[in-house]
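Inside the fold
Okay, here's what each chain looks like letter by letter:
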Amino acid sequence: MGSGKTTLGSQLAKSLNFNFIDTDQFIEQKNGATVSQLFAENGEEFFRAEEKALIENLQGKSNLVVATGGGLPCYGNSMHLMNQLGITVYLKTSEKTLFDRLIVEMEDRPLLEGMGEFELKMFIQDKMKEREPIYDLAEITLEEHEHSVSELIRHLPQTN
């Protein structure tokens, strides 16, 4: 959350002339509700199941760039499935950068609703500790200073 997956993913797709899917936007359109509404009305488990079903339905598809929610790789066995379907990228981002980005977007992110600054800092630390071992399974890890389309393309196997 807040690492820039949607921004970089859409730029990469445009650069490669691929289609782009943002899983949050897709699920919002499919259900006619925002992510916040889906969390409030149906719970996180429903949302995670929707994410996983979307990823499973991408089997056999090509010329796609997909930006997932930050929790998707950690739900079920999704990271392994994503690695089977294509090239996975972890946009490694510092706690400070995440905090600076998320503090201004808290009302749009259901997992952050009602948090103060201290709670947000603790949330970021806890999620990074919990999720990083799974994110580290990605085929490519881009350090924060490498978060650009040109750096990502440079790391892709077919361009080396």
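Let me sum up the structure you'll find in this document. (Residues numbered from 1 in each chain as written. Predicted model: local features only at pLDDT ≥ 70, side-chain atom pairs only at ≥ 80, totals over all residues. Heavy atoms only, no water.)

A short note on the overall build of the protein chain
Looking only at helices and strands, the protein chain has eight helices and four strands in total. What you see in the protein chain, going N to C, is helices and strands ordered as α-β-α-α-α-β-α-β-α-α-β-α. For 160 residues, the compact-globule estimate of 2.2 N^0.38 gives 15 Å, and the C-alpha radius of gyration of the protein chain, at 15 Å, lies within 12% of that figure. Burial status across the protein chain gives 36% buried among its 160 residues. Within the protein chain, contacts between residues at least 6 apart in sequence are counted, and of these 67% link residues at least 24 apart. Across the protein chain, the centroid of the 15 positively charged side chains sits 3 Å from that of the 26 negatively charged ones. (Helix = DSSP H or I, 4+ residues; strand = E, 2+ residues; numbered from the N terminus. Rg over C-alpha atoms; globule rule 2.2 N^0.38 Å. Buried < 20%, exposed > 50% of the residue type's maximum accessible area, 1.4 Å probe, protein only. Contact = heavy atoms within 4.5 Å. Lys, Arg positive; Asp, Glu negative; His and termini not counted. Charge placed at Lys NZ, Arg CZ, Asp CG, Glu CD.)

Quick look at the layout of surface pockets
Put simply, the largest pocket is a space of about 1100 Å³. As for the largest pocket, its lining consists of 47 residues, and the residues nearest its centre are Val66, Met82, Ile87, Thr88 and Val89. At the level of elements, α1 (5-16), β2 (64-67), α5 (78-85), β3 (89-91), α6 (95-102) and α7 (117-135) are the ones that each hand at least two residues to the lining of the largest pocket. For the lining of the largest pocket, the leading source of residues is α7, giving seven residues. Considered class by class, the residues forming the lining of the largest pocket number 28 nonpolar, 13 polar and six charged. Put simply, the second largest pocket is a space of about 590 Å³. Mapped onto the lining of the second largest pocket, the elements with two or more residues apiece are α1, α2 (23-31), α3 (35-42) and α4 (44-56). Residues that form the lining of the second largest pocket fall into these classes: six nonpolar, twelve polar and eleven charged. (1 Å grid on protein atoms, 1.4 Å probe; cavity = no way out; pocket = protein on both sides within 12 Å on 5 of 7 lines; lining within 4 Å. Points joined across faces, edges and corners; volume = space filled by probe spheres on them. Nonpolar A, V, L, I, M, F, W, Y, C, P; charged D, E, K, R; others polar.)

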